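What the coordinates show
Single-letter residue listing:
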Amino acid sequence: QVQLVESGGGLVQAGDSLRLSCAASGRTFSNSVMGWFRQAPGKEREFVARISTSGSLTNYADSVKGRFTISRDNAKNTVYLQMNSLKPEDTAVYYCAAGAAGGGSIWYGNMRAYDYWGQGTQVTVSS
């Protein structure tokens, strides 16, 4: 199993950059598809980004494509979300999630594709 702990959130101004980290524990990390989701106040949790087990494949929500970059370091059991050109609408609690490799039967943007979740880290972008 995998345990996830996010960090790196904070208060920034529009146009700033921020890097979120998700530290994972468990031997299955390298075999886990990793994703980032976010939930803004009063809204449902939404997909942000996903990265394959090897890191060779990535997917992004249209709202963040070109601004956010997901990456992973399997040796460090860590996944990152580099956020550039932040906008006020990016304000949300960001969650790291891990899903079993080979779970191609469920769309990567569906929360049900992920088995483990972190506690979330708050990102607030002021205008």
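Placed above this text is the structure.
Residues numbered from 1 in each chain as written. Predicted model: local features only at pLDDT ≥ 70, side-chain atom pairs only at ≥ 80, totals over all residues. Heavy atoms only, no water.

Let's talk about the overall build of the protein chain
The helix and strand tally for the protein chain stands at zero helices and eleven strands. The N-to-C order of helical and strand elements in the protein chain reads β-β-β-β-β-β-β-β-β-β-β. Whereas a compact globule of 127 residues would reach a radius of gyration of roughly 14 Å, the protein chain reaches 13 Å, a difference of no more than 12%. Dimensions of the protein chain, computed from C-alpha atoms along their principal axes, come out at roughly 40 × 30 × 25 Å. Buried residues in the protein chain amount to 43% of all 127 residues. (Helix = DSSP H or I, 4+ residues; strand = E, 2+ residues; numbered from the N terminus. Rg over C-alpha atoms; globule rule 2.2 N^0.38 Å. Buried < 20%, exposed > 50% of the residue type's maximum accessible area, 1.4 Å probe, protein only.)

Examining the state of the cysteines
A complete count under the given rule lists one disulfide for this structure. Covalently, Cys-22 is tied to Cys-96 through a disulfide, its sulfur atoms 2.2 Å apart. When the S-S torsion is -85 degrees, as for the bridge of Cys-22 with Cys-96, the disulfide is left-handed. Of the two residues, Cys-22 sits in strand S3 (residues 18-25) while Cys-96 sits in strand S9 (residues 92-100), which places them 74 residues apart along the sequence. The burial state of Cys-22 is the same as that of Cys-96; both residues are buried. (Disulfide = S-S within 2.5 Å.)

Looking at the packing of aromatic side chains
Under the definition given, this model contains seven aromatic pairs. Residues Phe-37 and Phe-47 carry aromatic rings whose centres are separated by 5.7 Å and whose planes lie at 75 degrees to one another, so their mutual orientation is edge-to-face. Placement of Phe-37 in strand S4 (residues 32-39) and of Phe-47 in strand S5 (residues 46-51) is noted, with a sequence separation of ten residues between them. Classification of Phe-37 by relative accessible area gives buried; the value is 1%. Relative to Tyr-114, the ring of Phe-37 has its centre 5.3 Å away and its plane inclined at 80 degrees; by these criteria the two rings are edge-to-face. (Phe/Tyr/Trp six-rings, centres within 6.5 Å; stacked < 30°, edge-to-face > 60°.)

Focus: the sheet that holds S3
Strand order across the open sheet formed by four strands is S1-S3-S8-S7, with antiparallel pairing between neighbours. The open sheet is flanked by strand S1 (3-7) and strand S7 (68-73), the only strands paired with a single partner. Strand-to-strand twist across the sheet, computed as the mean angle between neighbouring axes with direction ignored, equals 15 degrees. (Pairing = 2+ DSSP bridges. Axes fitted to C-alpha atoms, helices over the stretch in contact; angles between N-to-C directions.)

Some points on the pattern of salt bridges
This model, assessed by the stated rule, comprises four salt bridges. When the shortest N-O distance is used, the salt bridge between Arg-38 and Asp-90 registers 2.9 Å. In this pair, Arg-38 sits in strand S4 while Asp-90 sits in the loop between strand S8 (78-83) and S9, placing the two residues 52 residues apart along the sequence. In this structure Asp-90 comes out as buried when scored by relative accessible area, which is 0%. A salt bridge links Asp-62 to Lys-65; the shortest N-O distance between them is 3.9 Å. Lys-65 gets classed as exposed once you look at its relative accessible area, which sits at 52%. Salt bridges linked by common partners bring Arg-38, Glu-46, Arg-67 and Asp-90 together as one network. (Salt bridge = Lys/Arg side-chain N within 4 Å of Asp/Glu carboxyl O.)

With respect to the environment of Tyr-94
With respect to the helices, strands and loops of the structure, Tyr-94 is situated in strand S9. Judged by relative accessible area, which is 0%, Tyr-94 ranks as buried. Once the C-alpha coordinates of Tyr-94 and Trp-36 are considered, the two residues, 58 residues apart in sequence, prove to be 6.8 Å apart. Among all residues touching Tyr-94, those that are not within four sequence positions of it are Glu-6, Leu-20, Trp-36, Phe-37, Arg-38, Val-48, Phe-68, Leu-81, Met-83, Gly-120, Thr-121 and Val-123. In terms of polar contacts, Tyr-94 uses its side chain to reach the backbone carbonyl oxygen of Asp-90, at 2.6 Å. (Contact = heavy atoms within 4.5 Å. Polar contact = N/O pair within 3.5 Å; in protein donor to acceptor, adjacent residues only side chain to side chain.)

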